[in-house]
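So you can see what is in the structure, the chains are spelled out below.
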Amino acid sequence: MDLYIHYTSLPEGKTLADVVGEINDTLEDTGAVCGGEAGRIDLDLEDENVNPKFAQIAVKSYLQRAAFAPDTKVEIGGMEIGIYE
């Protein structure tokens, strides 16, 4: 299953490489960053036996701690959810 992070800017002091590494650490063995484009990071949730909501919650929590802008959204299954919702 794919999960997308839609963002307008990276947190102050972080590069895209920093963010990708931190997201991969957050997901551990349940998923990884697999690509993206300007303003979007694509993640592949590898373990189909794990409820994708757990990964969504972990990613939202990371984005909040990293101080992403309030307009940042996480998309899973075609639904976009704000990281502070």
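For the structure itself, look to the data block above.
What counts, and at which threshold
Residues numbered from 1 in each chain as written. Predicted model: local features only at pLDDT ≥ 70, side-chain atom pairs only at ≥ 80, totals over all residues. Heavy atoms only, no water. Pairing = 2+ DSSP bridges. Helix = DSSP H or I, 4+ residues; strand = E, 2+ residues; numbered from the N terminus. Buried < 20%, exposed > 50% of the residue type's maximum accessible area, 1.4 Å probe, protein only. Polar contact = N/O pair within 3.5 Å; in protein donor to acceptor, adjacent residues only side chain to side chain.

1. Considerations on the pairing of strand 3 (residues 40-45)
Here's step 1: In this sheet, strand 3 lies alongside strand 1 (residues 2-6) in antiparallel orientation, the contact comprising 5 bridges. Looking at the pairing, Ile5 lines up with Ile41 of strand 3.
Here's step 2: The turn joining strand 2 (residues 31-37) and strand 3, which pair antiparallel and follow one another in sequence, is formed by 2 residues; a positive phi near 80 degrees is taken by Gly39.

2. Concerning the environment of Lys60
Here's step 1: Summarising the element assignment, Lys60 is placed in helix 2 (residues 52-65).
Here's step 2: For Lys60, a relative accessible area of 13% puts it in the buried group.
Here's step 3: Remark: the alpha-carbon pair of Lys60 and Tyr84, spanning 24 residues in sequence, is separated by 7.9 Å.
Here's step 4: Polar side-chain contacts of Lys60 include one of 3.1 Å to the backbone oxygen of Glu85.

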